[in-house]
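Observations on chain architecture
Chain by chain, the residues run as shown.
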Amino acid sequence: MKVLVTGGLGFIGSHTVVELQNEGFEVVIIDDLSNSSEDVLDGIVAISGVKPHFEKLDLKVKEDVISFFKKHSDVAGVIHFAASKAVGESVNKPLMYYENNINTLVYVLQELSKLNTQNFIFSSSCTVYGQADELPISENAPVKPAESPYGNTKQIGEEIIKDTCKINENLNSIALRYFNPIGAHFSAEIGELPIGVPQNLVPYITQTAIGMREQLSVFGGDYPTPDGTCIRDYIHVVDLAKAHVVALQRLLENKNVSNYEVFNLGTGTGSSVLEAIQSFDRVSGKKLNYKIVDRREGDVVAAYAETKKANDVLGWKTELNLDDAMASAWKWEQKIRNK
Ligand code: UD1
């Protein structure tokens, strides 16, 4: 069965391609290489022994999306990762974010809606919950006003899919709300490749440990949490990738109970920034240089997933923990810097 993975050379996309190929799917990747590299294909081949079909394609060019779907009208499903994801950048370039994340989603849905088989998996984010009133966060928690254009594109994206599903009963879709994806493939053949100074915690930790950054700034030590630092649900990217395969299989086997479903993807365990650093120190044998500084604007105090729906309904749960994720991220960092 042929599956289209947009953004398939990115961090989560590439790990999902590996898991899809492991399950015997034929994968077609579309990527515009704006935040990825064709070299990622070599990593995928090194792990799975299979080279996926790849087309460099910019989903903002509507005619190209139309001709792509004409050529690949036999796709059994689409997993749509392609999007820009830097929160700070989105504040400075809102229109770029709306064009990159919304126009492309509309074009893909328009063309997918013309096919006989219409299965769609969407990359959403726990950012839609903002600071939830109750922890852990269940899928029923209200969606809060977005803190950034990036967060808004995830909320609007979900609305677009939901509205389309209402009038198109042939379209079956699942929105997956990720908590904090980290780590890399155990083989260290693929991983996260942040451009410039990393904004996210784990790449900043590993780049500090390898000597590229002097010190990690821990944003805020006076939050109302046990150790004063923010709490997140860090999920290993390989666990996350596997959830996409399970979600796609759910649609292919017509197991979905409605044509628009939402699942949280997290471990269910919250870890503070200091606990994340301790985990890194434990698995790397290093002592990370860090300093507690002022809070970062826009950060929520605590977010971790209620995993019951994903466990019981989707039939998926995480198998790896924070130490596994840190160890894999560290192995990957060492591998790419030695290259
Ligand atoms: C961020 C985005 C979120 C997005 C996700 C994608 C923000 C406000 N949110 O989540 O919308 O879906 O990335 O991966 O940017 N931290 C430090 N020092 C650093 C970096 C981070 O202390 O140098 C702390 C943060 O304050 C936070 C935790 O580490 O408490 C995780 O931060 P990060 O990795 O940026 O993820 P989120 O902010 O949770």
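Data block above holds the structure.
In this text the structure is predicted, and so the values were computed from the model without any measurement.

Notes on the sheet that holds strand β5 (residues 118-125)
Taken in spatial order, the seven strands of this open sheet run β3-β2-β1-β4-β5-β6-β11, and their pairing is parallel. Only two strands of the sheet have a single partner each, and these edge strands are β3 (53-56) and β11 (260-265). Looking at each pair of strands side by side, their axes are set apart by 20° on average, direction ignored.

Structural notes on the site of the ligand
In the region of the ligand, 18 residues are neighbours, and Leu201, Ser217, Arg232, Arg296 and Asp299 sit closest. Arg232 is positioned with one of its side-chain polar atoms (N or O) 2.6 Å from an oxygen atom of the ligand. Interatomic distance of 2.8 Å between a side-chain N/O atom of Arg296 and an oxygen atom of the ligand. In isolation the ligand exposes 730 Å². Once the protein is present, 87% of that is buried. No other element matches the four residues that strand β8 (residues 216-219) contributes to the shell around the ligand. Here the residues of the shell around the ligand sort into nine nonpolar, six polar and three charged.

Looking at the side chain of Ser328
By the element assignment, Ser328 lies in helix α11 (residues 322-338). Since its relative accessible area comes to 6%, Ser328 is described here as buried. From its side chain, Ser328 meets the backbone nitrogen of Ala184 in a polar contact 3.1 Å long. In this structure Ser328 touches Gly183, Ala184 and His236, once residues within four positions along its chain are discounted.

Looking at the pairing of β11
Of all six residues making up β11, six are buried, and the element is well covered by its neighbours. Across the two faces of β11 the burial is the same, with Tyr260, Val262 and Asn264 and Glu261, Phe263 and Leu265 all buried. When strand β6 (residues 171-178) meets β11, the two strands line up parallel, connected through six bridges. In the sheet register, Tyr178 faces β11, and the bridge partner there is Leu265.

Describing the pattern of salt bridges
For the structure shown, the criterion picks out 20 salt bridges. Close ionic contact of Lys144 with Asp133 constitutes a salt bridge, the shortest N to O distance being 3.2 Å. With a gap of eleven residues between them, Lys144 in the loop between β5 and α6 (149-167) and Asp133 in the loop between β5 and α6 connect regions that are remote in the sequence. Among the ionic pairs, Lys255 bridges to Glu253, the shortest N-O distance being 2.7 Å. The partly exposed category is assigned to Glu253, whose relative accessible area is 45%. By sharing partners, the salt bridges in this structure join Arg232, Arg296 and Asp299 into a single network.

Some words on the nonpolar core
Within the largest apolar cluster, 36 residues are counted, with the highest numbers of intra-cluster contacts made by Leu20, Ile29, Ile44, Leu176 and Leu265. Looking at this core, the elements that each hand over two or more residues are β1 (2-6), α1 (11-22), β2 (26-31), α2 (40-48), β6, α8 (237-252), β11 and α10 (308-314). The dominant element in this core, judged by the number of residues it contributes, is α8, at eight residues. Counting 26 residues, the second largest nonpolar core, distinct from the first, contains Ile30, Val65, Leu105 and Ile161.

Thresholds, definitions, all that
- Residues numbered from 1 in each chain as written.
- Predicted model: local features only at pLDDT ≥ 70, side-chain atom pairs only at ≥ 80, totals over all residues.
- Heavy atoms only, no water.
- Pairing = 2+ DSSP bridges.
- Helix = DSSP H or I, 4+ residues; strand = E, 2+ residues; numbered from the N terminus.
- Axes fitted to C-alpha atoms, helices over the stretch in contact; angles between N-to-C directions.
- Near = heavy atom within 4 Å.
- Polar contact = N/O pair within 3.5 Å; in protein donor to acceptor, adjacent residues only side chain to side chain.
- Areas by Shrake-Rupley, 256 points an atom, 1.4 Å probe, with all protein chains shown as cover.
- Nonpolar A, V, L, I, M, F, W, Y, C, P; charged D, E, K, R; others polar.
- Buried < 20%, exposed > 50% of the residue type's maximum accessible area, 1.4 Å probe, protein only.
- Contact = heavy atoms within 4.5 Å.
- Salt bridge = Lys/Arg side-chain N within 4 Å of Asp/Glu carboxyl O.
- Core = buried A, V, L, I, M, F, W, Y, C linked by side-chain atoms within 4.5 Å.

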